[in-house]
Amino acid sequence: MRSDPADYQLVAPDTLRAVVTLLAKEPGAWLPIAGGTDVMVQYAAGKLPARKLVSIWNLPELRRIEAMPDEIQVGAGCTYTDLRQHMIVEREFPLLASAAGWTGGIANQNRGTLGGNIVNASPAADSLPSLLAYGADLILASIRGERRVPYRSFHTDYKKTILASDELVRAVCLPRKFAGYFPYTRKVGARNAQAISKVCIAALGKAAHGVFEDVRIALGSVAPTPLRLAETEKVVNGKALDPSLLELAKETAAEEIKPIDDIRSTAKYRATVAANLVGEFLTKLDASDRGA
């Protein structure tokens, strides 16, 4: 049953400073809302617990993509359309650009934000494995100042994060060091867009003279949080591909993940698909080194 709009309070400060000041005055009472693509679904279903909403849509501090020599900083309020259309993101971070094109339809891409996807903390979110693969950092802002944390440590459990009640994500930092890496990304779902992933992968790496270097593999929809496959990476880095290594990598990947049965798929299916995607990535990475 839809709630009465009169039950809710919505404010729209015009600066980030004003927003974090409000969050500090009543920690946990205010829910930041940007594009609203997740929040409004909860509202329409009568399942939105928050009654005080603070709009951060179009705050200038959150809508910038800043390019620096060593990294780019993507404002948390940047939309998927912003990401798809940004030249540096498209050229240097193709995994993220591809995920932005998969996230819902055009209307959702025009409203949905990267920061919202991160804080919503769904393990099935399309953009999050790419952030893990690129080794992103997050800048978290509050009235107390800013702190920079590895994105890898942000999610602690299903729908749980390290974000304090008076903080919000200001920016995502991506290191500009992946020139020459082979990128690979796939989404397995009922459709390529406007459908929640059954499994999604974002991976990249290098191969020189047949030997894998700095392989990075991340998966979504296979664990309570988006997952970087650290053990699988250890298995393959510094080694040349052969049938036994390929099978070991697939077995290790299947053991690292913790899929579940749900209405979209089964744990067995997810484990099989995830292992096969890892195998396909390694095979294509090896082929790219051989000029195939």
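Please refer to the structure higher up on the page.
Residues numbered from 1 in each chain as written. Predicted model: local features only at pLDDT ≥ 70, side-chain atom pairs only at ≥ 80, totals over all residues. Heavy atoms only, no water.

**Student:** Even after reading the chapter, I still don't get the overall build of the protein chain, so can you show me in this structure?
**Tutor:** Across its full length, the protein chain holds 11 helices and 14 strands. Across its three principal directions, the C-alpha atoms of the protein chain cover 65 × 45 × 30 Å. Residues counted as buried form 50% of the 292 residues belonging to the protein chain. For the protein chain, contacts bridging at least 24 residues in sequence account for 62% of all contacts bridging at least 6. When the accessible surface of the protein chain is summed, it comes to about 13,400 Å², and 54% of that surface belongs to carbon and sulfur atoms. Distance from the positive charge centre (36 side chains) to the negative charge centre (32 side chains) of the protein chain: 4 Å. (Helix = DSSP H or I, 4+ residues; strand = E, 2+ residues; numbered from the N terminus. Buried < 20%, exposed > 50% of the residue type's maximum accessible area, 1.4 Å probe, protein only. Contact = heavy atoms within 4.5 Å. Areas by Shrake-Rupley, 256 points an atom, 1.4 Å probe, with all protein chains shown as cover. Lys, Arg positive; Asp, Glu negative; His and termini not counted. Charge placed at Lys NZ, Arg CZ, Asp CG, Glu CD.)

**Student:** Even after reading the chapter, I still don't get the side chain of Thr225, so can you show me in this structure?
**Tutor:** By the element assignment, Thr225 lies in the loop between β13 (211–220) and β14 (227–228). Here Thr225 falls in the buried class, since its relative accessible area comes to 16%.

**Student:** Looking at this structure, how should I read the layout of surface pockets?
**Tutor:** In this approach, a probe sized like a water molecule rolls over the atoms, and the result shows the empty space that is left. In this structure, the second largest pocket encloses a volume near 150 Å³. Around the second largest pocket, the lining comprises 10 residues; the ones closest to its centre are Tyr8, Leu10, Ile33, Met40 and Leu53. The set of elements that each furnish at least two residues to the lining of the second largest pocket consists of β1 (9–11), α2 (39–44) and β3 (52–55). Here the residues of the lining of the second largest pocket sort into eight nonpolar, two polar and no charged. (1 Å grid on protein atoms, 1.4 Å probe; cavity = no way out; pocket = protein on both sides within 12 Å on 5 of 7 lines; lining within 4 Å. Points joined across faces, edges and corners; volume = space filled by probe spheres on them. Nonpolar A, V, L, I, M, F, W, Y, C, P; charged D, E, K, R; others polar.)

**Student:** Is there a simple way to explain the pairing of strand β7 (residues 145–150) in this structure?
**Tutor:** For a regular strand, side-chain orientation follows a simple rule: the groups alternate between the two sheet faces. Bridge count for strand β6 (residues 137–142) against β7 is six bridges, and the pairing is antiparallel. Bridge pairing in β7 places Leu138 opposite Val149. Remark: two residues form the turn of the hairpin made by β6 and β7, two consecutive strands paired antiparallel. (Pairing = 2+ DSSP bridges.)

**Student:** Whenever I open this one, the packing of aromatic side chains confuses me. Can you help?
**Tutor:** The description of an aromatic ring pair uses the distance of the two centres, along with the angle that the planes make with each other. Taken as a whole, this structure holds five aromatic pairs when the rule is applied. In this structure an aromatic cluster arises from ring pairing among Phe93, Tyr134, Phe178 and Tyr181. Taking the ring centre of Trp57 as reference, the NZ or CZ of Arg63 above it sits at 5.0 Å. Between Arg111 and the ring centre of Trp57, over which it is positioned, the NZ or CZ distance is 4.0 Å. (Phe/Tyr/Trp six-rings, centres within 6.5 Å; stacked < 30°, edge-to-face > 60°. Lys NZ or Arg CZ within 6 Å of the ring centre and 35° of its normal.)

**Student:** I would appreciate a short explanation of helix α5 (residues 94–102) in the present structure.
**Tutor:** One full turn of an α-helix is made of 3.6 residues, so residues set three or four places apart face in the same direction. Among the residues of α5, Leu95, Leu96, Ala97, Ala99, Ala100 and Trp102 are the ones counted as buried. Gly104 lies just past α5 and shows a positive phi near 65°.

**Student:** Which parts of the structure should I look at to understand the nonpolar core?
**Tutor:** Ranked by internal contacts, the top residues of the largest apolar core, which has 36 residues, are Leu131 and Leu174. Non-local contacts of Leu131, meaning those with residues more than four positions away in its chain, are made with Leu96, Leu114, Ile118, Ala136, Tyr151, Val172 and Leu174. Core analysis: the second largest hydrophobic core is formed by 30 residues, Ala203, Val215, Val236 and Ala271 among them. (Core = buried A, V, L, I, M, F, W, Y, C linked by side-chain atoms within 4.5 Å.)

**Student:** I tried to follow the pattern of salt bridges on my own but got confused; where do I start?
**Tutor:** Where charged atoms of side chains with opposite charge meet at close range, the side chains can pair. Taken as a whole, this structure holds 15 salt bridges when the rule is applied. One network of salt bridges, with partners in common, ties together Glu71, Asp137 and Arg148. (Salt bridge = Lys/Arg side-chain N within 4 Å of Asp/Glu carboxyl O.)

**Student:** Before we go on, may I ask you to explain the side chain of His155 in this structure?
**Tutor:** Within the fold, His155 resides in strand β8 (residues 155–157). Here the side chain of His155 touches Tyr151 through a polar contact of 2.8 Å, side chain to side chain. (Polar contact = N/O pair within 3.5 Å; in protein donor to acceptor, adjacent residues only side chain to side chain.)

**Student:** Any chance you could explain the packing of helix α10 (residues 243–256) against helix α11 (residues 267–289) here in plain terms?
**Tutor:** Packing of α10 against α11 leaves a shortest axis separation of 8 Å and a crossing angle of 140°. Between α10 and α11, the angle falls in the class oblique. Crossing geometry of α10 relative to α11 is assigned as right-handed. Here α10 contributes Leu246, Ala249, Lys250, Ala253 and Ala254 to the contact with α11, which in turn contributes Ala271, Ala275, Asn276, Val278, Gly279, Leu282 and Thr283. (Axes fitted to C-alpha atoms, helices over the stretch in contact; angles between N-to-C directions. Parallel < 35°, antiparallel > 145°, perpendicular 65-115°, else oblique. Left-handed = near helix turned anticlockwise from the far one by under 90°.)

**Student:** Would you mind showing me how to read the state of the cysteines here?
**Tutor:** By the definition in use, this model includes zero disulfides. In this structure Cys78 is a free cysteine whose sulfur lies 12 Å from that of Cys173, the closest cysteine sulfur available. In this structure Cys173 comes out as buried when scored by relative accessible area, which is 1%. (Disulfide = S-S within 2.5 Å.)

**Student:** Help me understand the sheet that holds β14, please; the structure alone is not making it clear to me.
**Tutor:** Backbone hydrogen bonds are what pair the strands of a sheet, in a parallel or an antiparallel way. Taken in spatial order, the four strands make up an open sheet running β11-β12-β13-β14, and their pairing is antiparallel. The open sheet has two edge strands, β11 (182–188) and β14, and neither has a second partner. Judged from the eight bridges that link them, strand β12 (residues 199–208) and β13 form a sheet pairing that is antiparallel. Considered in β13, the bridge of Leu204 is made with Arg216. Sheet strands in contact with α11 are β11, β12 and β13, and its direction is about 25° off that of β12.

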